[in-house]
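Given next are the chains, with one letter for each unit.
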Amino acid sequence: MKLSYWEYDTWFNQPDFCIIGSGIVGLSAAYYLRIKYPKAKIIVLEKGFLPAGASTKNAGFACFGSISELIADRNNMSENEIFSLIEKRWKGLLNLRKLLGDDNLQYENSGGFELFKNDEKELFERCAAVINYFNASLKKIIGTEVYSLVNNTQQFNAFSKLIKNNYEGQINTGKMMLSLLNICRSHNIDVLNGVDVKKVYATNNSVEIEINENIFITAKTAIIATNGFAQKMFPQLDVKPARAQVLITEIIENLHFSGTYHYDAGYYYFRNVGNRILLGGGRNIDFNSETTEEINITEKIQNALDKMLYEIILPGKRVNIEKRWAGIMGVGAKKYPIIDEIEKNVWVAVRMGGMGVAIGSMVGKEVAEKI
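What counts as what
Just so you know, the residues in each chain are numbered from 1, in the order the chain's sequence is written. Given that this is a predicted model, residues contribute local features only at a pLDDT of at least 70 and side-chain atom pairs are listed and counted only at 80 or more, while totals for whole chains, interfaces and linings are drawn from all residues. To obtain the side-chain values, all non-hydrogen atoms of the structure were included, while hydrogens and water were left out. Throughout this description, buried means an accessible area under 20% of the type-specific maximum (1.4 Å probe, protein chains only), exposed means over 50%, and partly exposed covers the range between. A run of H or I in DSSP becomes a helix once it reaches four residues, and a run of E becomes a strand once it reaches two; helices and strands are each numbered from the N terminus. The contact rule is simple, with two residues in contact once any of their heavy atoms fall within 4.5 Å. Put simply, two rings from Phe, Tyr or Trp (the six-membered ring, in Trp's case) pair if the centres are within 6.5 Å, and we call them stacked under 30 degrees between planes, edge-to-face over 60, tilted for the rest.

**Side note on helix 7 (residues 131-142)**
Where helix 7 is concerned, the buried positions are Ile 131, Phe 134, Asn 135, Ser 137, Leu 138 and Ile 142. Close packing links the buried residues of helix 7 with helix 3 (67-73), helix 4 (79-100), helix 6 (121-128), strand 5 (147-151) and strand 6 (159-165). One or two residues past the end of helix 7 sits Gly 143, with phi positive at roughly 100°.

Here it is as structure tokens:
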């Protein structure tokens, strides 16, 4: 395809900043770059019709870590790294709410609950034993106690013990992304869809970006914000794709719970969306198959979700599934995000560790501040 002079000059001619990926990180980076550089030419490139990663496909949890998940993090992260990451997640949620407003996020501070099956007494006791420790440490970050023990109010017969996170909430990620797109466009930032980036490489004082059909963009600076897809362009990065599969039910009359729930160190998660149930997870039963860039659902994982829905959440009751989908997260040996200049004028802001809603806006802000 040959572009005319007018097409090329309008969209692609020597932007100051070219951001690859229009998820929460990419759009946040674009916005904060605009605040920092009011006259800069900023474009955002997106492969899909909508953002193709996890930003519009996730489950909408505004969370920062359950107790069992934080205990598991000790296996490959130091205490300082864990609490630094929690602080970044917490401040990221506050930043997102301030930037877009709770109404535009459809934010609900519904509280979060970690569930323990009746036969998981040892795991529950191990988690309960460190509640005071985590509360004391997080009080320096959040200002008050976060976790508490609560009795099961007969919501779920399979679970006798719960640990509550008083500051967990939920959002509508579609509304979040629409608001981010609107704020970027209102600040004269061009978001171009259907642009498939093939290669990014640094030259002497600029960055060459090859896109569809041998078209090249020469930018002063590029930011890779494609999260789980980033290793495809830069194999040296410690970030791998991790597929997350989700389903949502039809409307259920007299739904017996509200709020957000986690089980199995966060590998399963569900919440109410009005009077529907949104349920996701199960990646841990087939890590190898779920380490993929393929955005499709599989029978194995969906069967596991169905089993949890019908045997544990709604025992003895059948409801229709309205939609099933998948999204791609970015994970690595550690959960801390990678924000770095990996080649001259080529930056990456990736590896959200499954916490893009919490941490994404702060990662975008941080990479903008570093440039």
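**Considerations on the environment of Tyr 267**
With respect to the secondary-structure elements, Tyr 267 resides in the loop between strand 14 (260-263) and strand 15 (268-273). If we ignore the near neighbours within four places in the chain, the residues touching Tyr 267 are Gly 280, Gly 281, Gly 282, Arg 283, Asn 284 and Phe 287.

**Section: unusual backbone geometry**
Although it is not a glycine, Asn 188 sits at a positive phi angle of roughly 60°. Within the secondary structure, Asn 188 is located in the loop between helix 8 (173-186) and strand 8 (190-193). Even without being a glycine, Asn 227 presents a positive backbone phi close to 50°. Along the polypeptide, Asn 227 turns up in the loop between strand 12 (221-224) and strand 13 (240-249).

**Here's the deal with the packing of aromatic side chains**
Enumeration according to the criterion identifies 20 aromatic pairs in this entry. The interplanar angle of 20° and the centroid separation of 5.2 Å between the aromatic rings of Phe 113 and Tyr 261 together place this pair among those described as stacked. With Phe 113 in strand 4 (residues 112-117) and Tyr 261 in strand 14, the pair connects residues that are 148 residues apart, well separated along the chain. Since its relative accessible area comes to 14%, Phe 113 is described here as buried. By relative accessible area, Tyr 261 is classed as buried at 1%. An aromatic cluster is defined as three or more aromatic residues linked by ring pairs; in this entry it consists of Phe 113, Phe 156, Phe 159, Phe 257, Tyr 261, Tyr 263, Tyr 268 and Phe 270.

Treat this as a map of the structure, not an account of what it does.
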